[in-house]
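Summary of the model geometry
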Amino acid sequence: MSTDNTSAEQNRLARLLTFLGQDPTNLALLADALALAIDLGDVIHGQQLIDHMKSQAIEEPNVCALAAHVSLQVGQYAAAGALGDKAIAGGIKHPAVIFNTAQGHFYSGDYAAAHALLSRLSQEPQSPAPLLMMHARALHQLEETEQAEVLVARALLLEPENIDIRGLLALLQYENDHYSPALITAHETLAENPDQLDALIACASVHFHQNNISASRNAWLHTVAVHPECGRAWSGLARLEFNELEFDAAEEHLKTAVQFMPDHIGTWHLLAWIHILRGDSIQARQALDRSYALDRNFGETHGGLAIVDIMDGMTERAQKGIRRALKLKPDGLSARYAEALLLQQAGHPEKAVQVIDQVLDRTRPDSNDTGRVLMENWLQTHQNKIPDRHPDQH
């Protein structure tokens, strides 16, 4: 749009706003003004028009659809989702309106609502790559990784040179336990863009899974250097450090991780276990309380709290916690560990060992190895390694 045309259109928008002030419920005027504000990218007047809608209690579907578009331009994503929902409920079926509404839900964190809307569009064979990618990322957030991988593979066929598509494919391949393809895809992606986040996470994670600790550490260190606000990267690095008994570094990096993803239960649990192993029940309880606030029905949290209760001498409370934990997760490690601690305290070390043996002798769901074999392998690898000293240890 030329400067002269822009100036003329801005004057026209000003006139529409004047007319609307004189006839505030005129839907045709309001729709024309919203459409013109969208074309001009005039977010200031666009927001004023949305405020006008609210003050006049206007919820006409076509107007709501236009207002949803304006809200996206303004960055008011939750409002965009809500306005789009009203438009769709009122009978608007245009794919652009559905997509805009899905964007509002996606960027405001309502991935289930985004998935429901995008499902209407992504089934079409001609769906563009950006739509498929947004749907895949929504499914990824919902832990529907296999469906997400299918959509990303479709997107890659449409845009085979797109680095971000390939990076997400690598990450989803890893999360779907396709480790070799994930590493190949990640390396191909990183060869073109060494800083692509999804590919870096996939690369570091596969190396860690394959016990290639040095390569995994290097990948995680590069990831946090170029993406310092990625909580998953800090958590992944800390998990590796915990595995290597580098508790000081793991604690520091877990604390960084929870700053960027405070709603990730597993990170709070790992932080709690560092404090448990150090005998610091106060900080362990604080970490587990954060986990409990996120999900009160997570068995491992109740088991962890039972361990802390034992550390603090609250045996009866611990017993109740163990029962709750086992009801929620019968094979929960933390609850069984708490049981073993109670048996040890009660003077039954043999029974305590039996409880631990039961845990160790279970076969992992993703492996033919029992916990005992895995632990023996780990001990063999780390037999000459000692934990970091805590600052108050001498």
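Our subject is the structure listed above.
Residues numbered from 1 in each chain as written. Predicted model: local features only at pLDDT ≥ 70, side-chain atom pairs only at ≥ 80, totals over all residues. Heavy atoms only, no water.

Notes on the packing of helix H18 (residues 299-311) against helix H19 (residues 315-328)
Where H18 contacts H19, the two axes come as close as 8 Å, and the packing angle between them is 165 degrees. With respect to H19, the element H18 is oriented roughly antiparallel. Where H18 crosses over H19, the handedness of that crossing is left-handed. Facing Gly299, His302, Gly303, Ala306, Asp309 and Ile310 of H18, the residues of H19 in contact are Arg317, Ala318, Gly321, Ile322, Arg324, Ala325 and Leu328. (Axes fitted to C-alpha atoms, helices over the stretch in contact; angles between N-to-C directions. Helix = DSSP H or I, 4+ residues; strand = E, 2+ residues; numbered from the N terminus. Parallel < 35°, antiparallel > 145°, perpendicular 65-115°, else oblique. Left-handed = near helix turned anticlockwise from the far one by under 90°. Contact = heavy atoms within 4.5 Å.)

What about the environment of Asp295?
For Asp295, the location among the structural elements is in the loop between helix H17 (281-294) and H18. Under the relative-accessibility criterion, Asp295 is labelled partly exposed at 28%. Along the primary structure Asp295 and Asp263 are separated by 32 residues, whereas in three dimensions their C-alpha atoms are 9.5 Å apart. In this structure the side chain of Asp295 is engaged in a polar contact, spanning 2.9 Å, whose partner is the backbone nitrogen of Asn297. (Buried < 20%, exposed > 50% of the residue type's maximum accessible area, 1.4 Å probe, protein only. Polar contact = N/O pair within 3.5 Å; in protein donor to acceptor, adjacent residues only side chain to side chain.)

Focus: the environment of Ile44
Within the secondary structure, Ile44 is located in helix H3 (residues 43-55). On a C-alpha basis, the gap between Ile44 and Val70 in space is 9.9 Å, while along the polypeptide they are 26 residues apart.

Topic: the side chain of Ser122
Relative to the helices and strands, Ser122 is located in helix H7 (residues 111-122). A polar contact of 2.8 Å, which involves the side chain of Ser122, links it to the side chain of His135.

Examining the nonpolar core
In this structure, Leu30, Leu34, Leu49, Met53 and Val63 are the most contacted members of the largest nonpolar core, which totals 37 residues. Listed by contribution, the elements that provide at least two residues to this core are helix H1 (3-22), helix H2 (27-40), H3, helix H4 (61-74), helix H5 (77-89), helix H6 (95-107), H7 and helix H8 (129-141). Broken down by element, the residue count for this core peaks at 8 residues, all from H2. Apart from the residues lying within four places of it in its own chain, the contact partners of Leu49 are Leu17, Leu20, Leu30, Ala33, Leu34 and Ala37. In this structure, Leu245, Phe247, Leu288 and Ala338 belong to the second largest nonpolar core, which totals 27 residues. (Core = buried A, V, L, I, M, F, W, Y, C linked by side-chain atoms within 4.5 Å.)

Here we look at the packing of aromatic side chains
Evaluation of the coordinates by the stated rule reveals 6 aromatic pairs. Aromatic side chains Tyr77 and Tyr107 sit 5.3 Å apart centroid to centroid with 40 degrees between the ring planes, which places their arrangement in the tilted category. Placement of the pair is Tyr77 in helix H5 and Tyr107 in helix H6, with a sequence separation of 30 residues. By relative accessible area, which is 31% here, Tyr77 ends up partly exposed. Under the relative-accessibility criterion, Tyr107 is labelled partly exposed at 46%. An angle of 85 degrees between the planes, with centres 5.1 Å apart, marks the rings of Phe106 and Tyr107 as edge-to-face. (Phe/Tyr/Trp six-rings, centres within 6.5 Å; stacked < 30°, edge-to-face > 60°.)

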